[in-house]
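As a plain string of letters, each chain reads:
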Amino acid sequence: MNENVLGIIAGILTSISMIPQLIKVVKDKNVDDISLVMLLVLISGLSLWVWYGLIKDELPIILSNAFAVLVNISLLICYMIYRKS
């Protein structure tokens, strides 16, 4: 299998992994089971992967991680909106 195809498939799977969580949070308007620290660490790590992909000029790394950053930032925004003070 071509390594770029493998990278794209891996990137798609990992990038969409948080979408069910985001849908559940939006639907239920409940973030009680979401860890803010986990989200911040995940967004930081994914952002570093985007940076790494830019340095290495690796489109699969850039696109998949940039998409994952957007999904998780959306989840972070939901966390801020729906958290109970």
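Above this text sits the structure in question.
Residues numbered from 1 in each chain as written. Predicted model: local features only at pLDDT ≥ 70, side-chain atom pairs only at ≥ 80, totals over all residues. Heavy atoms only, no water.

**Quick word on the packing of aromatic side chains**
- A complete count under the given rule lists one aromatic pair for this structure.
- Aromatic side chains Trp49 and Tyr52 sit 5.5 Å apart centroid to centroid with 90° between the ring planes, which places their arrangement in the edge-to-face category. Note that Trp49 and Tyr52 are positioned in helix 3 (residues 36–56) at a spacing of three residues, about one turn of the helix.
- By relative accessible area, which is 40% here, Tyr52 ends up partly exposed. (Phe/Tyr/Trp six-rings, centres within 6.5 Å; stacked < 30°, edge-to-face > 60°. Helix = DSSP H or I, 4+ residues; strand = E, 2+ residues; numbered from the N terminus. Buried < 20%, exposed > 50% of the residue type's maximum accessible area, 1.4 Å probe, protein only.)

**Observations concerning the pattern of salt bridges**
- According to the stated counting rule, one finds two salt bridges in the structure shown.
- Between Asp28 and Lys24 there is a salt bridge whose closest N-O contact spans 3.0 Å. Residue Asp28 and its partner Lys24 are located together in helix 2 (residues 19–28), separated by four residues, close to a single helical turn.
- Looking at Lys24, the relative accessible area reads 48%, which means it is partly exposed.
- Here Lys84 ties to Asp32 by a salt bridge, and the two come within 3.2 Å at their closest N and O atoms. Pair noted here: Lys84 is in the segment after helix 4 (59–82) and Asp32 is in the loop between helix 2 and helix 3, with a separation of 52 residues, a long-range link.
- When its relative accessible area of 64% is taken as the criterion, Lys84 is described as exposed.
- According to the relative accessible area criterion, Asp32 is partly exposed, its value standing at 46%. (Salt bridge = Lys/Arg side-chain N within 4 Å of Asp/Glu carboxyl O.)

**With respect to the packing of helix 3 against helix 4**
- For the pair helix 3 and helix 4, interaxial distance at closest approach is 8 Å and the crossing angle is 155°. On the basis of their axis angle, the class for helix 3 and helix 4 is roughly antiparallel. Relative to helix 4, the crossing made by helix 3 is left-handed. Residues Leu36, Leu39, Leu40, Leu42, Ile43, Leu46, Ser47, Trp49, Val50, Tyr52, Gly53 and Leu54 of helix 3 touch helix 4, and the partners they reach there are Ile61, Ile62, Asn65, Ala66, Ala68, Val69, Asn72, Ile73, Leu75, Leu76 and Tyr79. (Axes fitted to C-alpha atoms, helices over the stretch in contact; angles between N-to-C directions. Parallel < 35°, antiparallel > 145°, perpendicular 65-115°, else oblique. Left-handed = near helix turned anticlockwise from the far one by under 90°. Contact = heavy atoms within 4.5 Å.)

**Considerations on helix 3**
- With 21 residues, helix 3 ought to run about 30 Å at 1.5 Å a step, and its terminal C-alpha atoms sit 30 Å apart, in line with that.
- Those residues of helix 3 that sit buried are Leu39, Ile43, Leu46, Val50 and Gly53. For helix 3, the angular spread of the buried residues around the axis is 80°, confining them to a single face. Those residues of helix 3 that are exposed and aimed more than 90 degrees away from the buried face are Val37, Val41, Leu48, Trp51 and Ile55.
- For helix 3, the elements touching its buried residues are helix 4.
- Just past helix 3, the residue Asp57 takes up positive phi, approximately 55°. (Expected span 1.5 Å × (residues − 1). Arc of directions from axis to C-beta.)

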